[in-house]
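Residue-level structure breakdown
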Amino acid sequence: MTTATASELLPAVHWGGTEITRLIIGGNQIRGFSHVSVELDEEMRDYHTVDNTVASWFRAEACGLNTMQSRGDAVVFERLQAYRERGGTMQWICQTAGEHPDPFENIREIADHDPIAIYHHGSVSDSLWQSGTFDQVEDRLKAMRDTGAMVGIAAHMPEILQYVEDQGWDVDFYMTCFYNIAKNARRELVAEGAQNIEPFDDGDRDVICEFIQQTDKPCIAYKILGASRKCSSAESIREAFKFALDRIKPIDIVNVGMFQKHSDQVAMNAEIVREIG
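Please read all numbers here as calculations on a predicted model, not as lab measurements. (Residues numbered from 1 in each chain as written. Predicted model: local features only at pLDDT ≥ 70, side-chain atom pairs only at ≥ 80, totals over all residues. Heavy atoms only, no water.)

**Remarks on the pairing of strand β4 (residues 67-71)**
The element β4 is extensively covered by neighbouring structure, given that 5 of its 5 residues are classed as buried. Residues Thr67, Gln69 and Arg71 of β4 are buried on one face, and the alternating residues Met68 and Ser70, pointing to the opposite face, are buried as well. Of the strand pairs in this sheet, β4 and strand β5 (residues 91-95) are connected by 5 bridges, and their pairing is parallel. What sits directly across from Arg71, in β5, is Gln95. Considered for its hand, the β-α-β crossover made up of β4, helix α3 (residues 74-85) and β5 is right-handed. (Buried < 20%, exposed > 50% of the residue type's maximum accessible area, 1.4 Å probe, protein only. Helix = DSSP H or I, 4+ residues; strand = E, 2+ residues; numbered from the N terminus. Pairing = 2+ DSSP bridges. Right-handed = clockwise from strand over helix to strand, strands pointing away.)

As structure tokens, then:
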């Protein structure tokens with residue numbers, strides 16, 4: 001398997017002493033979080049064996065990416081270990097696992113696997129905000145700080161990130177979702193609760209981009225393709241990338257999940273960012 005050399009890297013930004021390519025590969029597909037259907041969730045989980053996951057990461061290296069993102073759980077840890085044992089060199093940004101019974105223990109487990117950054121799970125942020133118990137997140141961020149990794153927070157609701165900004169909490173970066181899928185008034189249960197129809201309203205992009213522009217902290221923009229809703233054609237994909245890259249700051253990056261089963265999405269996305277990023 002081929003690894004990209006420094007001269008072949010995609011355009012990159014510098015966060016502290018760390019260089020990160022403006023496109024990083026996301027991890028929802030590995031664990032079957034498609035935000036589309038139960039059937040696609042299952043297909044993604046079935047595809048992402050250890051070997052296929054590692055192959056996707058090596059393909060990202062070969063296409064000029066130097067950083068990946070995924071959640072911190074036992075399945076990912078297994079694949080991460082295999083990737084590194086086979087010579088993988090991409091940096092790792094890790095999301096906390098929302099289902100873990102002890103968030104502080106989860107942070108310690110993640111730290112044992114040498115991430116360059118840890119961030120708080122966005123759906124957990126949303127849930128705690130809606131229940132009025134969000135301030136407990138600050139202690140979790142302090143625990144992340146104690147690991148020596150960069151510290152971030154994700155949320156699907158822009159008001160959460162604005163609150164963190166206004167309160168001056170100690171974070172290095174924000175995970176900024178282009179779609180506020182936590183708008184409860186727009187959610188409908190189908191298939192006896194097995195799947196939620198999540199709102200993907202293009203107007204949400206303008207709201208989060210306003211936040212991205214007004215904060216001095218770097219941001220990782222995610223769901224820029226609307227969890228595949230902007231993928232009807234090569235041109236629609238390019239337009240979605242251009243929309244994002246034109247509206248985030250020069251120090252910001254985009255995080256895109258890539259599913260390699262049916263096409264080489266890694267190469268296509270890398271080519272777009274190499275051209276316009």
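The discussion continues.
**Details of the packing of aromatic side chains**
Counted according to the given criterion, the structure contains 14 aromatic pairs. Ring plane angle 70 degrees and centroid distance 5.3 Å describe the contact between Trp57 and Tyr83, whose orientation is recorded as edge-to-face. Placement of the pair is Trp57 in helix α2 (residues 50-62) and Tyr83 in helix α3, with a sequence separation of 26 residues. Taken individually, Trp57 and Tyr83 each receive the classification buried, so the pair is uniform in this respect. Where Phe134 meets Trp169, the ring centres are 5.4 Å apart and the plane angle is 5 degrees; that geometry is what we call stacked. Here Phe134, found in the loop between α5 (122-131) and α6 (137-146), pairs with Trp169, found in the loop between α7 (158-167) and β8 (173-177); they are 35 residues apart in sequence, far enough to count as distant. Take Phe134 and Trp169: they sit in the same class, and that class is buried. By way of ring pairs, the aromatic residues Trp129, Phe134, Tyr163 and Trp169 are connected into one cluster. (Phe/Tyr/Trp six-rings, centres within 6.5 Å; stacked < 30°, edge-to-face > 60°.)

**Some remarks on the environment of Glu198**
For Glu198, the position within the fold is in the loop between β10 (195-197) and α8 (203-214). Residue Glu198 is classed as buried on the basis of its relative accessible area of 15%.

**So, the packing of helix α9 (residues 234-247) against helix α10 (residues 265-276)**
The contact between α9 and α10 brings their axes to 10 Å, and the two run at 45 degrees. Judged on the interaxial angle alone, α10 and α9 are oblique. Judged by the twist between their axes, the crossing of α9 over α10 is right-handed. Contact residues: α9 offers Ile237, Arg238, Phe241, Lys242 and Leu245, while α10 offers Met268, Asn269, Ile272, Val273, Glu275 and Ile276. Of the residues assigned to the contact of α9 with α10, the class counts are 7 nonpolar, 1 polar and 3 charged. (Axes fitted to C-alpha atoms, helices over the stretch in contact; angles between N-to-C directions. Parallel < 35°, antiparallel > 145°, perpendicular 65-115°, else oblique. Left-handed = near helix turned anticlockwise from the far one by under 90°. Contact = heavy atoms within 4.5 Å. Nonpolar A, V, L, I, M, F, W, Y, C, P; charged D, E, K, R; others polar.)

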